[in-house]
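Each chain, written out:
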Amino acid sequence: MELKLDIPENINVQDLFGNYDSNVRKVEKLTGTEMTVRDGALIIKGKDAELAMRIIGRLIEALRIEPGLEEQRLNYIIDMEAGGKSFDAGQTARDIICYTHMGKPLRPKTQAQKEYVDNIRNTDMVFGIGPAGTGKTYLACAMAVSAYKNREIERIILTRPAVEAGERLGFLPGDMQEKVDPYLRPLYDALYDVLGMDASAKLREKGVIEVVPLAYMRGRTLDNAFIILDEAQNTTREQMKMFLTRMGFNSKVVVTGDITQIDLPGGTVSGLKEARKVLSGVEGIKFSYFSEVDVVRHELVKRIIKAYESYDSSNKAKAAGRGTKAADR
């Protein structure tokens, strides 16, 4: 099959093709096609020429909105089209949540991120569930800062359970804040990126931003606040219920977590996993789900997640097979 795609005059061919034609080579490898330029048009030959044409068309759409093509965006468009899903690059590019302290526009980068941001805008309580690197916490912090700057809320409260990820840190020196800071560091990182270190520190001094361990949320009622619970997979069922019932008037709650990375002691029920079952379908609550295709970190992170998912699925299948054989005996 041979197809022809005219390259618009306002598109920089270098941006479209990439350094040393790396973008085109990646599409060729995936689709088993060959591409050449003839008289200002891209000639695509091969069995999956239609898929290659759709991918190149999406890349052109993305370049119409924003010059330059990050590797993450390229890989995402390829993954979406190869998976039979469509991606509206224009819809995400036009959605500027806020600007970072460096003046960079902060936008959702994937379709799932766009839906997550929309859910936060339109719903008072949102759960963001998915693997590491999909922007769950970062986008929630950006939305909180945006809400504060727009005077929709009066304070931002960030919390997470103080659970160690597979290792014991032992005694930590210092006052309460110094003891819990290692657990809360990812939340600080997101705030610093959006607000800058100085502005973030000033808002914390004024009490506008609170970064506290989950244990210190008990007994509070939080009005006019944007409240984020991070690493929620490491809450117990009791902690999750306690946290969710802190919500007051004119407040938003965002709960983020990855149910594949639970660090609770064996036999302890994850509050996030239970909440997903209990609260699914409850009016006023939305669940946003992410997958490895939404990872916006290094490409290797996506491959690592896929490898572990494949490994876990294989082990579950083997265990199920052994159980069936034992029952037959």
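Here goes a summary of the coordinates provided.

What counts as what
- Residues numbered from 1 in each chain as written.
- Predicted model: local features only at pLDDT ≥ 70, side-chain atom pairs only at ≥ 80, totals over all residues.
- Heavy atoms only, no water.
- 1 Å grid on protein atoms, 1.4 Å probe; cavity = no way out; pocket = protein on both sides within 12 Å on 5 of 7 lines; lining within 4 Å.
- Points joined across faces, edges and corners; volume = space filled by probe spheres on them.
- Nonpolar A, V, L, I, M, F, W, Y, C, P; charged D, E, K, R; others polar.
- Pairing = 2+ DSSP bridges.
- Helix = DSSP H or I, 4+ residues; strand = E, 2+ residues; numbered from the N terminus.
- Axes fitted to C-alpha atoms, helices over the stretch in contact; angles between N-to-C directions.
- Contact = heavy atoms within 4.5 Å.
- Buried < 20%, exposed > 50% of the residue type's maximum accessible area, 1.4 Å probe, protein only.
- Expected span 1.5 Å × (residues − 1).

### Quick look at the layout of surface pockets
Link 1 in the chain: Quantified by volume, the second largest pocket comes out at close to 390 Å³.
Link 2 in the chain: Surrounding the second largest pocket, 14 residues form its lining, Thr260, Ile305, Tyr308, Glu309 and Asp312 being those nearest its centre.
Link 3 in the chain: Split by residue class, the lining of the second largest pocket holds seven nonpolar, three polar and four charged.

### Notes on the sheet that holds strand S11 (residues 285-289)
Link 1 in the chain: The strand order across the open sheet formed by six strands is S8-S7-S9-S10-S6-S11, and the pairing between neighbours is parallel. Strands with a single pairing partner mark the edges of an open sheet, and in this sheet they are strand S8 (209-213) and S11. When the angles between neighbouring strand axes are averaged without regard to direction, this sheet yields 15°.
Link 2 in the chain: Taken strand by strand, helix H10 (residues 237-244) contacts strand S6 (125-129), strand S7 (155-160), strand S9 (225-229) and strand S10 (252-257), and its axis lies near 155° from that of S10.

### Some remarks on the environment of glycine 40
Link 1 in the chain: Looking at the secondary structure, you find glycine 40 in the loop between strand S2 (33-38) and strand S3 (41-46).
Link 2 in the chain: We classify glycine 40 as partly exposed; its relative accessible area is 45%.
Link 3 in the chain: In sequence terms glycine 40 and proline 8 are 32 residues apart; their C-alpha atoms lie 8.5 Å from each other.
Link 4 in the chain: Among all residues touching glycine 40, those that are not within four sequence positions of it are Asp6 and Ile7.

### A look at helix H4 (residues 71-82)
Link 1 in the chain: Along its 12 residues, H4 runs 16 Å from first to last C-alpha, staying within 8% of the 16 Å computed at 1.5 Å per residue.
Link 2 in the chain: Extensive coverage of H4 is indicated by the burial of nine of its 12 residues.
Link 3 in the chain: Every buried residue of H4 is accounted for by Gln72, Arg73, Leu74, Asn75, Tyr76, Ile77, Ile78, Met80 and Glu81.
Link 4 in the chain: Immediately beyond the C-terminal end of H4, within one or two residues, lies glycine 84, with a positive phi of roughly 80°.

### Concerning the sheet that holds S2
Link 1 in the chain: Spatially, the three strands line up as an open sheet ordered S1-S3-S2, and their pairing is antiparallel. Looking along the sheet, the strands with just one partner apiece sit at the ends: strand S1 (2-6) and S2. Geometrically, the sheet is characterised by an average inter-axis angle of 20° between neighbouring strands, direction not taken into account.
Link 2 in the chain: Sheet topology note: the S1/S3 ladder contains five bridges and is antiparallel. Bridged to leucine 5 within S3 is leucine 42.
Link 3 in the chain: This element, helix H3 (residues 49-65), spans S1, S2 and S3 of the sheet and lies at about 10° to S1.

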